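Chain residues, written in single-letter form:
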Amino acid sequence: MDQTLLLAIVVAAAVGILAILLILRRDRRTVAAGPVESPFAISTEGEKRCSACGMGNLWTSRTCASCGSPLAG
């Protein structure tokens, strides 16, 4: 095997291992920092909240999908 090819394989392996270690370190820091707020907005437009259990239901629903209580409106 040519020495330059062997050197290229060793360098590529070292870069790969370094990348894996950096990714694992980043993930550990993210977990240690606590829960992350979702980047997606939560919309309750068009929903009715059940007064009994707090479940969000479609505005066309007459009863709660979770507990079956009648919904106002």
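Now for a description of the structure that goes with this document.

1. Some points on the pattern of salt bridges
Move 1: Tallied over the entire structure, the rule returns two salt bridges.
Move 2: With a closest N to O distance of 3.7 Å, Asp27 and Arg26 form a salt bridge.
Move 3: On the basis of relative accessible area, Asp27 is assigned to the partly exposed category, the value being 35%.
Move 4: Of the charged contacts in the structure, one is a salt bridge between Arg49 and Glu47, with a shortest N-O distance of 3.7 Å.
Move 5: A residue is classified by how much of its surface remains accessible, and Arg49, at 51% relative accessible area, is exposed.

About the thresholds
- Residues numbered from 1 in each chain as written.
- Predicted model: local features only at pLDDT ≥ 70, side-chain atom pairs only at ≥ 80, totals over all residues.
- Heavy atoms only, no water.
- Salt bridge = Lys/Arg side-chain N within 4 Å of Asp/Glu carboxyl O.
- Buried < 20%, exposed > 50% of the residue type's maximum accessible area, 1.4 Å probe, protein only.

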